[in-house]
Amino acid sequence: MSVPESWFIARARRRFAMTRECSLLLPRVCAALADPRQPGSDDTCLEKLLDWFRDLTELDPTVKLLQDNPCLTEFISSVLALPEPSPSILSFTLRLAGILAASEIRFQHLQQEKLLIRLFGRDGPLNSAVWEDASVRSGWVEGVHSMMHHQPALHFLCDDGSIDVIFTLQGDPSLFVASAASQLLVHMLTLSVESETTKPLSTKDCDWPACAQMIIKRIEDSLQSSSASHIEQSLKLLTSLFGSCRATWTEVLWLGVAKQIESFLTEETVQAQHMLANLFLNMAWSPVFCDAEGSFWALVTSALEHLTPVQAGPLAVGILRLYKCPQDVRIQAVTVLLQPMDCILRAASQPLEYAGLLDESVSDPTAVESLLSSKSSCASLLCQTLAHLEELLSLIRLPVDLPCTSLLRSLMTILQFCNGFLCPASPLGSMISRILINSFRVQRSALDVIAALSEKKGGDSLIGSLFDVLLAYLESPNTSPTVLKKTFQATSKWLMRLQELSCSNSQWQQTQKILEDVFLVLQKRLCSPCWEVRDSSLEFLTVLIKYLRDQDEFRQSLLSSEVPRLTENLLEDPESYVRASAVTAVGHLAFITYFASESPVVGNQYNKENTVAKLQEILSTDPEGFPRRAVISIFTKWLRQGCTGQLEDTEQFVSRVIQTVEYDLDWEVRLGGLELVEVFCSQTICQLGLPECPYAPVSSAVTSSIHQDELLQIFCRTKLFSFLFRSLCDCDKPVGQRACDILLGLRSSFYPISTLKDSQGTGDSPARDSIAWLQRTLRQGSLAQNFLTDGGNGVDFQDPEIMMLALGTIDLEELHDELNKSSDHVEKSPQSLLQDILATVGTIEENEADCY
């Protein structure tokens, strides 16, 4: 055993050990839980108690736990003796017994006490009135699952006839119980085969172990029955088995049921087709089946052909995500996905104006046409298909070539159906168009796929027509705010694509015209009475500036419009979300209007100072947190990209921001202020130290006294240290953690490791006293934050010498460790848990409870 592993196990043993204190408390806890007169204990405490026993039993599989703590078996006996036990306590008892019986030796011990047969056998809770409670059935299943780690437990269940109970529970009205029962059967089958077979199973000579044979026989019988629920339960079980077990014996099992399952594809009397897609997908992910020649993939092909379009869609997209899959199956899968889109194209114009998506269909196209012409299924089929196409387009490498141009045309057709801009002549097209009018779900899904298509090759010839459709949506007053947001996202993606094309093939005029049209629409949307529309418009503008600000035609179109003025006006919007988005948009606009090398804005300097003043006013006075967070984020972005040097003296800028955010009530604003401080420190150190490493801590380069003094003076003038040390005591932990990280970085810059120890003894007595006070104060954490003011107890945060001494003296590592402890770092000890349970049931004085 490796040293780290040995240390880990030893630590775990100490943490979860049955201490003397716990062994004294446990009998009282057991007695209280088994006493029907006591109020029920909190379910959370019972769950934690089970977790503790689970840890105890995993670390020590011997019978020592039961021998040293006879109260455990006495507790089980007491609960079993109750005429009407509480369902929650009985469920807890069943689960506890299962955990204790997980090791073979403890299982035998409980068997000798006749406890397991009374709990899990036919004469136990199974045949009592309390079995009607779902929590008891759930406890029974979970208890059986917990003990199912060895052959004696397996034989105990099989010999007692409990297999029948578990199969029955697969149809339990509680979905949780039904799912747990199915998972238990999978676990038992796997355990039986893998622990009891002496030689590999084969199709020719298959000798299943007794328990496995019982389960497989029940599966086969259920599949051949006329009961739809039994068939569905067995298919779920097989789906779970093939999804979790990749052993070769699963193929032997499959070959025994394959013919029956294959018949479900064609038998109209058995409605099991909806279960088959997940089954085949789980099998396809298993190397046992995906590497198989012929038979399995032929079945998948048959499924794609015979399942309904709604059922075949998930199977098709799942197959296309597979690494290993025959190419002909892939082509068939993508054909299934494209069938509804092909139908849309053909319905839009008859005779067909453009090439369709498909040369031939996998299944009868009338099935798709029937679904699309039905009001109850049209939108759902299209939304499912579009979601699958978006999932497929998200893959880094497409497994098959998609006809992107025809697909894009089909998507545009759907959008035109939805807003009534297309009136097809064909009866099917007219029907679809009436169904889809104002279908927001379909619009959103189609726009998502259009956005995804912007990153794939193809569709360039349709860009003009595409922007006609998108602009129509942007202009229409009937476009809902959520659809408008999706339209903005798709438009921004295709504008980026358009810029790439115009750079490569000189389509300047088309690009210029589209941009002008976009900004004309944006001007109107920025004045919308609906705040969600104004917000989405600002987000759209920000994305465009972020990715297109270096393009001349984009800058010209933007600055010649009213968009910049309207955006600044929205800094005073009554809705805080809009003000925040306006701050972000104005901040990005500044890269074009103020910070560009040759800004085209008239009165640039005045406008620049006016905008900065507005943002600083928002940071100081806005009553909502979102706009203030946006301002500090923009200021940090400006600083990081070197814009504040052009703006004003960076020191004064940073100092003003620090003094504003230091006392902000929103912790995210304070955290944003620390991020700005971190950027400022890194840049300042690099400017005076090692410019070629812009964000790396510098040690040797800063050790010269000239650079040290200059840096310390800059940091003190900006009141940076006051902000950092105060933040260490912030009541919101992320703020303190970030401040400590920054101080540790500063210390590594000013103090190389070799000189750190020497620094701790330097300084005059008054300075050392004030630093000692500061260290004691910092250890109080958030309780001390109101005392950390400049000059408090003689600590001058603007004195370079004192701050240098503070960096070298204060134990920042200790503070770092304290700040990084979880909020519940007071040990959640088993002893504390037992005391909590006793307090809950009222058998311990209130002041003894240690609630964690």
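The rules we used
Residues numbered from 1 in each chain as written. Predicted model: local features only at pLDDT ≥ 70, side-chain atom pairs only at ≥ 80, totals over all residues. Heavy atoms only, no water. Helix = DSSP H or I, 4+ residues; strand = E, 2+ residues; numbered from the N terminus. Buried < 20%, exposed > 50% of the residue type's maximum accessible area, 1.4 Å probe, protein only. Contact = heavy atoms within 4.5 Å. Expected span 1.5 Å × (residues − 1). Core = buried A, V, L, I, M, F, W, Y, C linked by side-chain atoms within 4.5 Å. Salt bridge = Lys/Arg side-chain N within 4 Å of Asp/Glu carboxyl O. Disulfide = S-S within 2.5 Å.

A. Structural detail: the overall build of the protein. What the protein contains, in helices and strands, is 45 helices and 0 strands. Burial statistics for the protein: of 852 residues in total, 52% are counted as buried. Considering only contacts in the protein between residues 6 or more positions apart, those separated by 24 or more positions represent 70%.

B. Examining helix α29 (residues 531–548) more closely. With 18 residues, α29 should reach 26 Å at 1.5 Å per residue; the first-to-last C-alpha distance of 26 Å fits that figure. Within the span of α29, buried status applies to Val533, Arg534, Asp535, Ser536, Ser537, Leu538, Phe540, Leu541, Thr542, Leu544, Ile545 and Leu548.

C. Structural detail: the nonpolar core. Counting 285 residues, the largest nonpolar core has Trp140, Trp254, Ile261, Phe715, Phe721, Phe725 and Leu746 as the members making the most contacts within it. The biggest single contributor to this core is helix α20 (residues 327–348), with 12 residues. When neighbours within four sequence positions are excluded, Trp140 is seen to be in contact with Leu94, Leu119, Phe120, Leu126, Trp131, Leu157, Ser162, Val165, Ile166 and Leu169.

D. Representation of the pattern of salt bridges within the structure. Counted according to the given criterion, the structure contains 30 salt bridges. The salt bridge partner of Arg54 is Asp51, with a shortest N-O separation of 2.9 Å. Of this pair, Arg54 and Asp51 both sit in helix α3 (residues 43–59), 3 residues apart, which is roughly one turn of that helix. Residue class for Asp51 comes out partly exposed when judged on its relative accessible area of 38%. Note that Asp730 is salt-bridged to Arg670, the shortest N-O span being 2.7 Å.

E. Up close: the state of the cysteines. All chains considered together, the criterion is met by 1 disulfide. Between the sulfur atoms of Cys158 and its disulfide partner Cys211 the distance amounts to 2.5 Å. With Cys158 in helix α10 (residues 151–159) and Cys211 in helix α13 (residues 210–224), the pair connects residues that are 53 residues apart, well separated along the chain. Each member of the pair, Cys158 as well as Cys211, is classed as buried. The structure places no disulfide on Cys30, whose sulfur is separated from the nearest cysteine sulfur, that of Cys71, by 4.1 Å. Cys30 sits in the buried class, given a relative accessible area of 8%.

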